[in-house]
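Reading the structure
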Amino acid sequence: EFKTEYHPSTGHELLLQTFEFGVNTHPEKDIPIDEEPYCPFCSHGDFEFAEIALNATLNKSQIDGLLALIDQIS
C-alpha cells in the first residue's frame, strides 16, 4: 500500500493506494520501440564516445586529437 501525505497548507487529504494502482500489466503496449535510440548519433559507439568526452570535459581540440589518434590506430 502507498501512503501519500500532502503538506497541510495544500488542503489535500491523506491518499492511500494499493500496490496494483501503480503496476502496469502491459508495459509493451504503452512504450513504442525507438527505431533509432541513439539519434542523432549514428551508433551506440558514437553516443558512448560523446558521453565520455562530455564527462571528461574535453574541448574541441582535445576531441579532434583523440579522434585523429583513434583513426591512426584503427
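Residues numbered from 1 in each chain as written. Predicted model: local features only at pLDDT ≥ 70, side-chain atom pairs only at ≥ 80, totals over all residues. Heavy atoms only, no water.

1. Remarks on unusual backbone geometry
Inclusion rule: Helix and strand definitions follow DSSP, with helices as H or I runs of at least four residues and strands as E runs of at least two, each counted in order from the N terminus. Partly exposed residues are those whose accessible area sits between 20% and 50% of the maximum for their type, while under 20% is buried and over 50% is exposed, using a 1.4 Å probe and protein chains only.
Cis geometry marks the peptide bond from Cys39 to Pro40; its omega dihedral reads 15°. Of note, the phi angle at Thr57 is positive, near 50°, even though the residue is not glycine. Structurally, Thr57 is set in the loop between helix 2 (44-55) and helix 3 (60-73). Judged by relative accessible area, which is 65%, Thr57 ranks as exposed.

2. Details of the pattern of salt bridges
Quick note on the threshold: The salt bridge criterion pairs a side-chain nitrogen of Lys or Arg with a carboxyl oxygen of Asp or Glu, the two atoms within 4 Å.
Enumeration over the complete set of coordinates arrives at two salt bridges. For Glu5, the salt bridge identified is with Lys3, shortest N-O distance 3.6 Å. Neither Glu5 nor Lys3 differs from the other in exposure class; each is exposed. The residue Asp64 makes a salt bridge to Lys60 at a minimum N-O spacing of 2.9 Å. Taken together, the residues Asp64 and Lys60, both in helix 3 and four residues apart, mark about one turn of the helix. Using a relative accessible area of 62% as the deciding quantity, one classes Lys60 as exposed.

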